[in-house]
Amino acid sequence: MRVRSLMLFVIVLIAAGSLAAQEPLPSWNDGAAKASILAFVEKVTDKSSPHYVLPAERIAVFDNDGTLWPENPLPFQLLFALDELKRLAPEHPEWRDNPALQAALNGDVAELKEGGTKALLEVIAASHSGMTTDEFDDRVRNWLQTARHPRFDRPYNELGYQPMIELLAYLRANGFKTFIVSGGGADFMRVWAEEAYGIPPEQVVGSVGGVHYQMTDRGPVLIKDAGVAFIDDKAGKPVGIHRQIGRRPIAAFGNSDGDKEMLEWTTIGRNPSFGLIVRHTDNVREYAYDANPTSSGKLVEALAEAPGRGWVVVDMERDWKQVFAD
């Protein structure tokens, strides 16, 4: 009898473990946000549903900074650029005459902000151009191996939001094709996005700089030029989606006013469709900001528009059991 009871107990434990393993979105608390996601996926994948969507049309687009990983104290690509400037500065004494580069080297973010887009482009040009694309990829990889987030003391590519990583996997398991559509640099994100999120380089849409082809003694290379050819932000996001994906998404996920146009393009006048905004409300486990972020990620207009558009607003503190993987 004891043996049978023990075996039954073990069977129950195994069954419970199996059910837990099958639970979708385990890092999400039960609530309206999680329920909305599950309901949408169910109705577009159920062949008997009037809202069934063919797998080829199940396109989901995700912003990156603030949606899939943090953007504080600065967007991570800018932190990479600042570290690169410090590393390269001894080789470039002429940078002393450039106020924007000097502000960056001194860590004066306030002065950089005052310089606006022009100052930022000078920082990006100095740290992202004049090398082959392969050399740039190696620099990003080396940075990810050595740099640590100042608050979380972890490599930046290990700071993906666990609930969003689960959401990406859940969508792909249900026939969706997942894309990053971000204002960040496409070349920067393509280095690590597949390992971090399961999104391959060809499914990364981002801002791009100039590149030219060159034949060298070592063979053909692509050289990264100074300047930005396309900014994939705000109204640029629907343009980037059209240019690279060629299909209008049925689901869009963002966190800021920079994602508003992408959410509008995905959802307005379209049924079925789904829009979601990650709202940063957890100052203990991550950060809390809406109108007053430390750098990027301002959320005012999209938040006000969300109720009328039917966009789901995720409260990070309330809706997520955990923010980062253990």
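Scroll up to find the structure this text is about.
Not measured: the values here are computed from a predicted model. (Residues numbered from 1 in each chain as written. Predicted model: local features only at pLDDT ≥ 70, side-chain atom pairs only at ≥ 80, totals over all residues. Heavy atoms only, no water.)

1. With respect to the overall build of the chain
Phase 1: Per the secondary structure count, the chain includes 13 helices and 8 strands.
Phase 2: The principal-axis extents of the C-alpha atoms in the chain amount to approximately 80 × 55 × 45 Å.
Phase 3: Looking at the chain residue by residue over its 326 residues, the buried ones come to 47%.
Phase 4: Counting only contacts in the chain whose residues sit at least 6 apart along the sequence, the fraction spanning at least 24 positions is 66%.
Phase 5: For the chain, the accessible area works out to roughly 16,100 Å², and carbon and sulfur atoms hold 54% of it.
Phase 6: Seen as two clouds, the 34 positive and the 45 negative side-chain charges of the chain have centres 6 Å apart. (Helix = DSSP H or I, 4+ residues; strand = E, 2+ residues; numbered from the N terminus. Buried < 20%, exposed > 50% of the residue type's maximum accessible area, 1.4 Å probe, protein only. Contact = heavy atoms within 4.5 Å. Areas by Shrake-Rupley, 256 points an atom, 1.4 Å probe, with all protein chains shown as cover. Lys, Arg positive; Asp, Glu negative; His and termini not counted. Charge placed at Lys NZ, Arg CZ, Asp CG, Glu CD.)

2. Observations concerning the nonpolar core
Phase 1: Among the nonpolar cores identified, the biggest contains 69 residues, and Met164, Trp192, Tyr197 and Phe253 are the most heavily contacted of them.
Phase 2: Top contributing element to this core by residue count: helix α3 (residues 76–88), with 8 residues.
Phase 3: Ignoring sequence-local partners within four residues, the contact set of Tyr197 consists of Asn64, Leu68, Trp69, Gly160, Ile165, Leu168, Arg172, Ile180 and Trp192.
Phase 4: Counting 15 residues, the second largest nonpolar core, distinct from the first, contains Ile59, Val61, Val181 and Ala302. (Core = buried A, V, L, I, M, F, W, Y, C linked by side-chain atoms within 4.5 Å.)

3. So, the pattern of salt bridges
Phase 1: With the rule as written, the count across this model stands at 15 salt bridges.
Phase 2: In this structure, Glu305 engages Lys260 in a salt bridge whose closest nitrogen and oxygen atoms are separated by 3.7 Å. In this pair, Glu305 sits in helix α12 (residues 301–309) while Lys260 sits in helix α11 (residues 260–267), placing the two residues 45 residues apart along the sequence. For the pair formed by Glu305 and Lys260, the shared burial category is buried.
Phase 3: Across the salt bridge formed by Arg309 and Glu305, the nearest N and O atoms sit 2.9 Å from each other. On the criterion of helical spacing, the pair formed by Arg309 and Glu305 is a turn pair, its members being 4 residues apart in helix α12.
Phase 4: On the accessibility criterion, Glu305 (17% relative accessible area) is buried.
Phase 5: By sharing partners, the salt bridges in this structure join Lys260, Glu264, Glu305 and Arg309 into a single network. (Salt bridge = Lys/Arg side-chain N within 4 Å of Asp/Glu carboxyl O.)

4. Looking at the environment of Val228
Phase 1: Positionally, Val228 belongs in strand β4 (residues 219–230).
Phase 2: Accessibility expressed as a relative area gives 37% for Val228, which makes it partly exposed.
Phase 3: Val228 sits 96 residues away from Thr132 along the chain, and the two C-alpha atoms are 16 Å apart.

5. A look at the layout of surface pockets
Phase 1: Space inside the second largest pocket adds up to approximately 210 Å³.
Phase 2: Forming the walls of the second largest pocket are Arg141, Leu144, Gln145, Arg148, Pro155, Asn157, Glu158, Val191, Trp192, Glu195 and Ala196.
Phase 3: Residue assignment for the lining of the second largest pocket shows that the elements contributing at least two residues are α6 (133–146) and α9 (193–197).
Phase 4: Residue contributions to the lining of the second largest pocket peak at 3 residues, all from α6.
Phase 5: Within the lining of the second largest pocket, the residues separate by chemical class into 5 nonpolar, 2 polar and 4 charged. (1 Å grid on protein atoms, 1.4 Å probe; cavity = no way out; pocket = protein on both sides within 12 Å on 5 of 7 lines; lining within 4 Å. Points joined across faces, edges and corners; volume = space filled by probe spheres on them. Nonpolar A, V, L, I, M, F, W, Y, C, P; charged D, E, K, R; others polar.)

All we've got here are geometric facts, nothing functional implied.
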